[in-house]
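# Architecture at a glance
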Amino acid sequence: MAETNRELADFLRRARSQVDPSRAGLPPDGRVRRVPGLRREEVALLAGVSTDYYARLEQGRRIMPSPAVVEAVGRALGLDDAGRAHLHDLIGITATPVRRRARGVQRVRPGLYQLIDALDGEPALVLGRRTDVLAANQMAKALFTDFERLPPRHRNYARWMFLDDAARSLFADWEVQARAAVENLRLDAGRDPDDQATAALIADLREHSREFAHWWDQHRVHQRTHGSKRLRHPLVGELTVEYETLSLPGDPDMTLFVYTAEAGSSSKRALDLLASWTLPGPGGDAVSPRDRRADGRRAVDDADRA
């Protein structure tokens, strides 16, 4: 409970410091601002609560605000949907402590494996709690990495992003993608702060990555629903893929990520080339990694000559 209170206090203080007072709709009062963001009394005014009440909320005290008050505080702080969901998680836990049942191991249904394998030529990943990689089709393995070859404990998207040098080389926009991974993990951790596996992952990443520790302490949250990634792939060169996410009704803690490229673009041609080397051909055999690299060098040479 004490840790949850600290999480709530930290989140509210940092959110308050990021609000631009000139855009908050407050009348000028002539006072000099010595720190960025809103004052506590200004958040309270915007939310329609007393300054004392908001101060106790920001201190993580054991009070039980109504959903309407939580929404009003979220609006006052200018939180987006992910930020408001995170605030609800933290306040709900603080106000109503519930002993959570231990969560079992997540398992992907056979039909879901069939679905991602049927996405011919389109990379697809299934992520679970704390960004664990639960399943990946052949194209996703070729585009990113073969998570199944990693030790079970290392089959995690955030861990791979921060602790694998290959990931840093792969993403042309590594900082953007890494920050998004931190902010998404923050959101996930807020839903179940007592999950020991999540706590262990966070502690490990904080210890071994200064970037992760720095961004984690900023306490920003982000829900990845769609976006793009810029890659420097060792076989097919530079490309940009767009991704869309699908929540799975049978297990809300699983998310399907599907990656595509714009039709007719160089990125689409790069994906198609990767697919031709990755997916089984009419004879049922895929091209070996050594042949892929050789073919890739020839393709680059041919493109340069053209």
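Everything quoted here is computed from the prediction, not taken from an experiment. (Residues numbered from 1 in each chain as written. Predicted model: local features only at pLDDT ≥ 70, side-chain atom pairs only at ≥ 80, totals over all residues. Heavy atoms only, no water.)

### A closer look at the overall build of the protein chain
A count of helical and extended segments in the protein chain gives 14 helices and 5 strands. Counting across all 306 residues of the protein chain, residues that qualify as buried make up 47%. Restricting to contacts in the protein chain with at least 6 residues of sequence separation, those with at least 24 account for 57%. (Helix = DSSP H or I, 4+ residues; strand = E, 2+ residues; numbered from the N terminus. Buried < 20%, exposed > 50% of the residue type's maximum accessible area, 1.4 Å probe, protein only. Contact = heavy atoms within 4.5 Å.)

### Side note on the sheet that holds strand 2 (residues 133-136)
If you trace the 5 strands from one edge of the open sheet to the other, you get 2-1-5-4-3, paired in antiparallel fashion. This sheet does not close on itself; its edge strands, each paired only once, are strand 2 and strand 3 (226-233). Each neighbouring strand pair of the sheet contributes to a mean axis angle of 25°, computed without reference to strand direction. Together, strand 3, strand 4 (237-248) and strand 5 (251-260) form the strand contacts of helix 13 (residues 266-278), whose direction differs from that of strand 4 by roughly 80°. (Pairing = 2+ DSSP bridges. Axes fitted to C-alpha atoms, helices over the stretch in contact; angles between N-to-C directions.)

### Regarding the nonpolar core
If you look at the biggest cluster of nonpolar residues, it comprises 44 residues, and the most contacted ones within it are L125, F144, F162 and F171. Counting residues per element, this core draws most heavily on helix 10 (residues 174-191), which supplies 6 residues. Contacts of F171, omitting those with residues within four sequence positions, involve F144, Y157, W160, M161, Q177, K229, R230, L231 and R232. The next biggest cluster of nonpolar side chains, apart from the first, holds 26 residues, and it includes A44, Y54, A76 and V221. (Core = buried A, V, L, I, M, F, W, Y, C linked by side-chain atoms within 4.5 Å.)

### Focus on the pairing of strand 5
Summarising burial for strand 5: 7 of the 10 residues are buried, a large majority. Bridging between strand 1 (residues 124-127) and strand 5 involves 4 bridges; their strand directions are antiparallel. Pairing of V126 across the sheet is with L256, part of strand 5. In this sheet, strand 5 lies alongside strand 4 in antiparallel orientation, the contact comprising 7 bridges.

### Topic: the confidence of the model for the protein chain
On average, residues of the protein chain score 83 in pLDDT, and 84% of them are at 70 or above. Helix 14 (residues 289-305) is the least confidently modelled element of the protein chain, averaging 41 in pLDDT, while helix 8 (residues 157-163) averages 97, the highest of any element. For the stretch residues 286-306, pLDDT sits under 50, and the model shows 16 contacts to residues farther than four places along the chain or on other chains. (pLDDT = per-residue confidence, 0-100.)

### Digging into the pattern of salt bridges
Close approach of charged atoms lets side chains of opposite charge pair. The full count for this structure, using the stated rule, is 19 salt bridges. Here D10 ties to R14 by a salt bridge, and the two come within 3.0 Å at their closest N and O atoms. Taken together, the residues span about one helical turn, with D10 and R14 both in helix 1 (residues 2-17) at a distance of 4 residues. By relative accessible area, D10 is classed as buried at 17%. (Salt bridge = Lys/Arg side-chain N within 4 Å of Asp/Glu carboxyl O.)

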